[in-house]
Amino acid sequence: MRKAAGKVSRVGKRAGKVASTAHTRSFPCPDDLWDEVESFATEHELGSPAAAARLLLRSGLSVERRVRELKAARDWQIEQAWSDLQAVSGGDRTFGSWDEIEQAAERARLRIRERQAIGKRAAVDQ
């Protein structure tokens with residue numbers, strides 16, 4: 001590589017093309033885990049274990065981000081349900097019959113269980 005006018009350019013590459021901002025990383029990795037990465041690379045025809053590691057890292061980060069978003073949504077939903085319950089019990093708002101309240105509570109519990117299952121699946125997939 002050589003520096004030209006403040007930009008790093010690769011010898012043999014077209015002039016004006018900016019080099020990638022990717023940096024080589026090095027970290028200890030147990031052999032059994034790296035074997036799984038190599039198997040993943042082979043199974044998915046990714047060409048190299050490094051490509052597989054990048055894909056798995058990106059995917060894992062995406063899953064973690066989604067789990068956090070689901071947790072925030074669940075927390076908001078619980079807070080909203082609590083606020084609604086307090087308003088109804090305080091007489092500030094009518095909600096309907098007790099059967100409707102029970103049905104709404106059951107739907108909320110079902111959504112919470114579904115989100116928990118998604119979170120557990122995401123943790124297992126890692």
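Structure's up top.
A brief structural summary. Given the structure is predicted, the values throughout are model-derived calculations rather than measurements.

**Regarding the packing of helix α2 (residues 49-89) against helix α3 (residues 98-125)**
Line of reasoning, step 1. Interhelical geometry of α2 versus α3 gives an angle of 160° and a closest axis separation of 10 Å. Considering their axes alone, α2 and α3 lie roughly antiparallel with respect to each other. Here α2 and α3 pass one another in a crossing that is left-handed. Two secondary-structure elements touch here, α2 through V63, V67, L70, R74, Q77 and I78 and α3 through R111, I112, R115, I118, G119 and A122.
Line of reasoning, step 2. Looking at side-chain class alone, the contact of α2 with α3 contains 7 nonpolar, 2 polar and 3 charged residues.

**Here's the deal with the side chain of Q77**
Line of reasoning, step 1. Tracing the chain through its elements places Q77 in helix α2.
Line of reasoning, step 2. According to the relative accessible area criterion, Q77 is buried, its value standing at 13%.
Line of reasoning, step 3. Apart from residues no more than four positions distant in its own chain, Q77 is found in contact with R111, I112 and R115.

**Observations regarding the packing of helix α1 (residues 31-43) against α2**
Two quantities define a packed helix pair, namely the angle between the helix axes and the distance between the axes.
Line of reasoning, step 1. Interaxial distance between α1 and α2 falls to 8 Å at its minimum, and their mutual angle equals 100°. Considering their axes alone, α1 and α2 lie roughly perpendicular with respect to each other. Counting all contacts with α1, which are made through W34, V37, E38, F40 and A41, the residues of α2 involved are P49, A50, A52, A53, L55 and L56.
Line of reasoning, step 2. Looking at side-chain class alone, the contact of α1 with α2 contains 10 nonpolar, no polar and 1 charged residues.

**Observations concerning α2**
Line of reasoning, step 1. In this model, α2 (41 residues) spans 59 Å end to end at C-alpha, consistent with the 60 Å of a helix rising 1.5 Å per residue.
Line of reasoning, step 2. Buried residues of α2: A51, A52, G60, L70, Q77 and A87, and no others.
Line of reasoning, step 3. Buried-residue contacts for α2 involve α1 and α3.
Line of reasoning, step 4. Looking one or two residues beyond α2, the residue adopting positive phi is G91, at roughly 80°.

**Let's talk about α1**
Line of reasoning, step 1. When the terminal C-alpha atoms of α1 are compared, their 18 Å separation across 13 residues agrees well with the 18 Å that a helix rising 1.5 Å per residue should span.
Line of reasoning, step 2. With its phi angle positive at about 50°, E45 sits one or two positions after the end of α1.

**Some points on the pattern of salt bridges**
Line of reasoning, step 1. All chains considered together, the criterion is met by 6 salt bridges.
Line of reasoning, step 2. Residue D75 pairs with K71 through a salt bridge whose shortest N-O separation is 2.9 Å. Remark: K71 and D75 occur in helix α2; sequence separation between them is 4 residues, near one turn of the helix.
Line of reasoning, step 3. Between E106 and R109 there is a salt bridge; the shortest N-O distance is 3.0 Å. Here R109 and E106 lie together in helix α3, a separation of 3 residues that amounts to about one turn.
Line of reasoning, step 4. Relative accessible area serves as the criterion here: at 35%, R109 is assigned to the partly exposed category.
Line of reasoning, step 5. Via salt bridges that share partners, E102, E106, R109 and R113 belong to a single interconnected network.

Conventions adopted
- Residues numbered from 1 in each chain as written.
- Predicted model: local features only at pLDDT ≥ 70, side-chain atom pairs only at ≥ 80, totals over all residues.
- Heavy atoms only, no water.
- Axes fitted to C-alpha atoms, helices over the stretch in contact; angles between N-to-C directions.
- Helix = DSSP H or I, 4+ residues; strand = E, 2+ residues; numbered from the N terminus.
- Parallel < 35°, antiparallel > 145°, perpendicular 65-115°, else oblique.
- Left-handed = near helix turned anticlockwise from the far one by under 90°.
- Contact = heavy atoms within 4.5 Å.
- Nonpolar A, V, L, I, M, F, W, Y, C, P; charged D, E, K, R; others polar.
- Buried < 20%, exposed > 50% of the residue type's maximum accessible area, 1.4 Å probe, protein only.
- Expected span 1.5 Å × (residues − 1).
- Salt bridge = Lys/Arg side-chain N within 4 Å of Asp/Glu carboxyl O.

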